[in-house]
Each structure stands twice: as structure tokens, then as C-alpha cells.
Amino acid sequence: MESSSLNGLRQLQRGQHACLIYDEQDDPLALVAPYAARAFEAGERCVYVVGEQEPERIERSLEAVGVDVVRQRECGALVLVSRWEVSFPNGEFDPTAMLGYVRQTITQTLAEGFTGLRLVAEMTWALQMGVGANKLIHYEALGNHLYPDEPLVAICMYNRARFPAAVCHDALRVHPWVAMGETAYDNLYFEPPDAVIGPAAAELRLEWMMEQLKRVRAAEAQRFELVSARAAQVEAEAAARAKDALLSMLAHELRTPLTTMLAQAQSSLRKLDKSREVDLDAIRRSLEIVARQANRQAKLIEQVLDAARLASDQLPLKPVLCELSTLVRDVAEQMQTLATEHTVLVRASDKVELLVDPLRMEQVLINLLDNARKYSPPGTQIEVALTVNPQMISLEVRDHGNGIPTSEHERIFERFHRLRQDQSGVGLGLHISREIVRMHGGDLVVETPAEGGTRFIARLPIAPSRGHPATDEVVRAETTTVSQP
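Remember, predicted model here, so these are calculated numbers, not experimental data. (Residues numbered from 1 in each chain as written. Predicted model: local features only at pLDDT ≥ 70, side-chain atom pairs only at ≥ 80, totals over all residues. Heavy atoms only, no water.)

**Student:** Where do I start with the overall build of the protein in this structure?
**Tutor:** Scanning the protein from terminus to terminus reveals 13 helices and 15 strands. The 485 residues of the protein split such that 43% are buried. (Helix = DSSP H or I, 4+ residues; strand = E, 2+ residues; numbered from the N terminus. Buried < 20%, exposed > 50% of the residue type's maximum accessible area, 1.4 Å probe, protein only.)

**Student:** What exactly am I supposed to notice about the side chain of S286 here?
**Tutor:** Following the sequence through the fold, S286 ends up in helix α10 (residues 280-311). Of note is the side chain of S286, whose polar atom sits 3.2 Å from the side chain of S268. Apart from residues lying up to four places away in sequence, S286 is in contact with Q264 and S268. (Polar contact = N/O pair within 3.5 Å; in protein donor to acceptor, adjacent residues only side chain to side chain. Contact = heavy atoms within 4.5 Å.)

**Student:** Help me understand a positive patch on the surface, please; the structure alone is not making it clear to me.
**Tutor:** Taken together, the side chains of R270, K271, K274 and R285 make up a positively charged region of the molecular surface. Looking at which element gives the most residues to the positive patch, the answer is helix α9 (residues 201-274), with three residues. For R285, the location among the structural elements is in helix α10. When its relative accessible area of 49% is taken as the criterion, R285 is described as partly exposed. (Patch = residues over 30% accessible without salt bridge, like charges linked within 9 Å, V, L, I, M, F, W, Y side chains within 5 Å. Areas by Shrake-Rupley, 256 points an atom, 1.4 Å probe, with all protein chains shown as cover. Salt bridge = Lys/Arg side-chain N within 4 Å of Asp/Glu carboxyl O. Lys, Arg positive; Asp, Glu negative; His and termini not counted. Charge placed at Lys NZ, Arg CZ, Asp CG, Glu CD.)

**Student:** Before we go on, may I ask you to explain the nonpolar core in this structure?
**Tutor:** Nonpolar side chains in soluble globular proteins generally cluster together in the buried interior. Formed by 42 residues in total, the largest nonpolar core has its most connected members in L324, L365, L369, V384, L386 and F456. Setting aside its immediate chain neighbours within four residues, L386 contacts L324, S325, V328, R347, A348, S349, V352, I393, S394 and L395. Of all hydrophobic cores here, the second largest spans 32 residues; its members include L12, Y22, L62 and F114. (Core = buried A, V, L, I, M, F, W, Y, C linked by side-chain atoms within 4.5 Å.)

**Student:** Whenever I open this one, the sheet that holds strand β5 (residues 152-159) confuses me. Can you help?
**Tutor:** Backbone hydrogen bonds hold the strands of a sheet together, and the pairing may be parallel or antiparallel. With mixed pairing, seven strands are arranged side by side in an open sheet as β3-β2-β4-β5-β1-β6-β7. The sheet is open, and its two edges are formed by β3 (78-81) and β7 (183-186), each paired on a single side. Each neighbouring strand pair of the sheet contributes to a mean axis angle of 20 degrees, computed without reference to strand direction. Sheet topology note: the strand β1 (residues 17-22)/strand β6 (residues 177-180) ladder contains three bridges and is parallel. Across the sheet, residue A18 finds its bridge partner in β6, namely W177. Packing against the sheet, helix α1 (residues 28-41) makes contact with β1, β2 (45-49), β3, β4 (117-122) and β5, and its axis sits at approximately 165 degrees to β4. (Pairing = 2+ DSSP bridges. Axes fitted to C-alpha atoms, helices over the stretch in contact; angles between N-to-C directions.)

**Student:** Even after reading the chapter, I still don't get the pairing of β4, so can you show me in this structure?
**Tutor:** Along a regular strand, successive side chains alternate from one face of the sheet to the other. With six of six residues buried, β4 lies mostly within the body of the structure. In β4, alternate side chains face the same way, and those of L117, L119 and A121 on one face and R118, V120 and E122 on the other are all buried. With five bridges connecting them, β2 and β4 associate as parallel partners. Its bridge partner lying in β4, R45 is registered against L117. The pairing of β4 with β5 spans six bridges and is classified as parallel. Considered in β5, the bridge of V120 is made with I155.

**Student:** I tried to follow the environment of I432 on my own but got confused; where do I start?
**Tutor:** Of note, I432 is situated in helix α13 (residues 429-439). Here I432 falls in the buried class, since its relative accessible area comes to 1%. Residues I432 and R415 lie 17 residues apart in sequence; the distance between their C-alpha atoms is 8.2 Å. Beyond its immediate chain neighbours, meaning those up to four positions away, I432 contacts Q303, D306, A307, L310 and Q363.

**Student:** Sorry, what's going on with the confidence of the model for the protein here?
**Tutor:** Any residue range with low pLDDT should be treated as having predicted coordinates unsuitable for detailed reading. Summing up the model confidence of the protein, the mean pLDDT is 83 and the portion of residues at 70 or higher is 87%. Within the protein, helix α3 (residues 69-74) carries the highest mean pLDDT (96), whereas strand β15 (residues 477-481) carries the lowest (46). This stretch, residues 1-5, has a pLDDT under 50; its non-local contacts, to residues over four places away or in other chains, come to 15 contacts. For the stretch residues 464-479, pLDDT sits under 50, and the model shows 28 contacts to residues farther than four places along the chain or on other chains. (pLDDT = per-residue confidence, 0-100.)

**Student:** Please clarify how the side chain of H175 should be interpreted in this entry.
**Tutor:** Looking at where H175 falls in the secondary structure, it is placed in the loop between α7 (165-173) and β6. Owing to a relative accessible area of 0%, H175 belongs among the buried residues under this scheme. A distance of 3.2 Å separates the side chain of H175 from the side chain of H17, its partner in a polar contact. Apart from residues lying up to four places away in sequence, H175 is in contact with H17, A18, C19, E140, C156, Y158, N187 and F190.

**Student:** Explanation requested: the packing of aromatic side chains in the structure shown.
**Tutor:** In this description, an aromatic ring pair is defined by two values, namely the gap between the centres and the angle between the planes. Under the definition given, this model contains four aromatic pairs. Taken together, a centroid distance of 6.0 Å and an interplanar angle of 50 degrees make the contact between F93 and W125 tilted. Remark: W125 occurs in helix α5 (residues 124-128) and F93 occurs in the loop between β3 and α4 (95-111); sequence separation between them is 32 residues. Across the pair, W125 and F93 agree in class, each one buried. Measuring from ring centre to ring centre gives 5.2 Å for Y158 and F163, while their planes differ by 55 degrees; the resulting arrangement is tilted. Comparing Y158 with F163, the two get one shared label, buried. In textbook terms, an aromatic cluster arises when at least three aromatic residues are bridged by ring pairs, as seen for F93, W125 and Y139. In this arrangement the basic side chain of R434 is found over the ring face of F413, its NZ or CZ atom lying 3.8 Å from the centre. (Phe/Tyr/Trp six-rings, centres within 6.5 Å; stacked < 30°, edge-to-face > 60°. Lys NZ or Arg CZ within 6 Å of the ring centre and 35° of its normal.)

**Student:** Help me out: how do you make sense of helix α2 (residues 55-64) in this one?
**Tutor:** Along an α-helix, a turn takes 3.6 residues, which lines up residues three or four apart on a common side. Listed in full, the buried residues belonging to α2 are I58, E59, S61 and L62. Seen end-on, α2 carries its buried residues on one side only, within an arc spanning 160 degrees. In α2, the exposed positions that point more than 90 degrees away from the buried face belong to R60 and A64. For α2, the secondary structure elements touched by its buried residues are α1, β2, α3, β3 and β4. (Arc of directions from axis to C-beta.)

**Student:** Explanation requested: the packing of helix α12 (residues 358-374) against α13 in the structure shown.
**Tutor:** The packing of two helices is summarised by the inter-axis angle and the distance between the axes. Packing of α12 against α13 brings their axes to within 9 Å, and their N-to-C directions diverge by 145 degrees. Of the two possible hands of crossing, α12 and α13 adopt the one that is left-handed. In this structure, α12 uses R360, Q363, V364, N367, L368 and N371 to contact α13, whose residues at the interface are G429, L430, I432, S433, I436 and V437. Along the lines of polarity and charge, the residues of the contact of α12 with α13 split into six nonpolar, five polar and one charged. (Left-handed = near helix turned anticlockwise from the far one by under 90°. Nonpolar A, V, L, I, M, F, W, Y, C, P; charged D, E, K, R; others polar.)

Have a look at this one:
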């Protein structure tokens, strides 16, 4: 039996035997007309066995899909018969004689120059001939021996309103393919002829069912392997594209300060070559630019190295008992000298001590303040708050910019993710900051306040064993403004 499914009846191929099971509300002619039309495209003869449908309606359905009915009937490609023209011994339906008639029809079809035979049979012809259900199913099952060796494809149409459910059930058992609506399926319930009509049918049916289960399981495993292989391929391709994009971005970000430094150095050298007098102010300005760009490049390189150390669990921590409020004020004061268009406000407790790596925590705070500076309008405030309770210390940095969409709240912590492509940097600052906070046992999250802006919150746990003084007293908070230069 074939292992793949079809999208529609039109795709049925030579050697396939299908049944179409439909209800009264369905239009079976609209479903089989494309299948019949394909016969004429392939140079086949289409024999339509009429049951309950009117021949005129059958012809209209064929015309609706582009068939020239008159021409096809005149050349013998389309044949409509009201019943099988075959004589049976004793006047009773004989499945073997019926198959002999089908084989004879195939021989005649080929002799008349057609490439094959395509059948459409409304099975209500059997009701008109008084064929019993057992003999009908016997014929359908026996016919499966015919299809593999002959240029034959067939659809047997079963109207559920005309046939008992038991007959439709048996029809499923004897057709390798089954159609429902516009889709044809590889029939998992199909049983080979000997399992239906042979003397050892029950034993063979049992063996067939067990083998069918194995085949289905093997097919599922194969599909899973194909899906997994495809997913791995897609992932590898995406990783390759991401790697190329990353290398391009890193090259650009590292080249930018280098280009500036080279330009300043070359400009100063040209001036020195042209003039005997040294312009110390110009040389100083050039050296200041070179120093700033060198620091920027060093920071980029250090971020890349930190990300690599984090990925390999090799980023070192050197925790000491640190007074965090002093660290926060010192960093905020440094940032104020850079963020001259903003006002940095600090709200910190009098004294907050915690066992942390001060250089790494300073790195976190610098990253958060630098982001706030870049993403908030000039003239706005950047607020830093350090609060403490018996279980947790919270370090918050709040800006009054456009805010970060909720959909980006997790993505901004991914490696090399930049919220805006027009901003400098390689998209590592927030990733490194979160990982540093997590290495201290806490977490770094982002919020978008209802009143606007963005708030980053680094939460650090207070371990009771550390004897943190803040666990035994209420710490008074105060608000200070870092003076601008």
C-alpha cells in the first residue's frame, strides 16, 4: 500500500482503487469531475457507471471543469453506462464473471488506442441489479488483485443515505484509498483480499492488523526523522546566517573607532610634515579623540570576551563585602559627567552592605545608566534607586524615554540583540548585566511603567548567613541629586 496521502481525487494514479463515501449534502459529481477530466488529458478512456445521478447532470459537471463532452463521447473517450453489460450464470451476480468483464473492457480500451481505463462507478448500480452486500464486498475485495497488473484506476462511490453503515464500513476495508470531501487518504483500515474473503480470513486479518500497526509506527518514526532532520537543517542555516550577520556587525562596530583613530593620527602626521611649528592644541584634540575611540574599542572587545567567558562558565567573580550605596553614587557621578544633557537622580539607603563583586556590579550599573542615557530625550531625568528589605536588595534605573515594547522584554537580554539598529554597540551589555546579576543569585528584569519610560530592576538576595546589617534594622532612604559639571 502507498505510504503518502493525496490532496485530491484528481491525483489518483494508475493501479489505485479508491472509494468515495459521501452524504446527501455533498455534491459527489463536483468531486469526481476533475478526476474524470484527467483521463482525457492522459489519453485514457473514462467509463462512468451511472447509478442514481442523471446523465445530463453528470455531463454538466464535466463541462464545468472544461471537458468537451460531445467531442469526448463521439471519439469514445467518455462512456456512460447505466449498468454493467454482463451476463451472469443463473442470472445471479458473480464477482469472478464481473472481473472478467472489467478485464475484457480494459483489453478493448487498449485495442482502440487509449492508454488506459479510468472508472467512475456509482455503486447504487448494485442496488438496481439486486446485488447483496456480501457479494458486492466480495467483488470489491477480489478486484484488488486486478489493479497492480492493469492500466486501471477506479473510484467507487458510496452514498451513505443509500447504503447501510455496515456496507460503508466494509467498503472502507476493501479500498486501499478512501476519499472524503476533496481529500483522498491512504486508507489505514484497508485489508488485503484474502483477509476479507479467504478461508482463513480471521487469522489473516489479525496478522494484517498487527503488521499495519508496525507499518504505521515505522512511518511515524520516519516522518519524525525527516522533520527532525529538516528542523536541524533550518536551525543550522539560521545559525550560519546569524553568524555571518554577527561577524559583519562586529567588524563594523570594531572598525568604526579604528577608522576614527587612524584618521586623526594621519591628519596630525600631515600637519607635522607641513609645518615646522607644532600646534599643541590641535595635537591634544586629536589625541583626545584617539583616546576616546580606543576606550570605546577596548570596551567592545571586553564585552565580546565577557560574553565568551559567560558562554563557557569562565567569567570570574571576586566577591567582597561591599557598601552598595557608595558604589551607586560614585558610578552615578561618573555617568553624570557623560550625560550632560540629563539629570541623574540617586535615591539610596544610608548604608547597604552586601557580598558582591564590586567591579562586576559597577559594570552592571554603568551598562544600565548608559542605556538610559542613549534611549531617553535630552533634558529628562535618569533615576537610580537602591532599596532594601529583609530578603532582597533592589537596584533600579529608570529613564523617561519611549519605553520598550512588552514583546521585547525578554529579547533585549539575548546576546547581540539590539533594540534599535541605528544605535552603536554590539548588543551585549544587557545580556552580560543579567548574567552577572544571576551569578550573584539574583535576577535583572525590565518593566515599562504605565506613565512611560523604562525601568530596569536588579534584585539581589540577602543570605541570612552573611549577617547583613540591613536584615536587622529599617534603613532610612534619602534622595540626592548628583551635581552636574
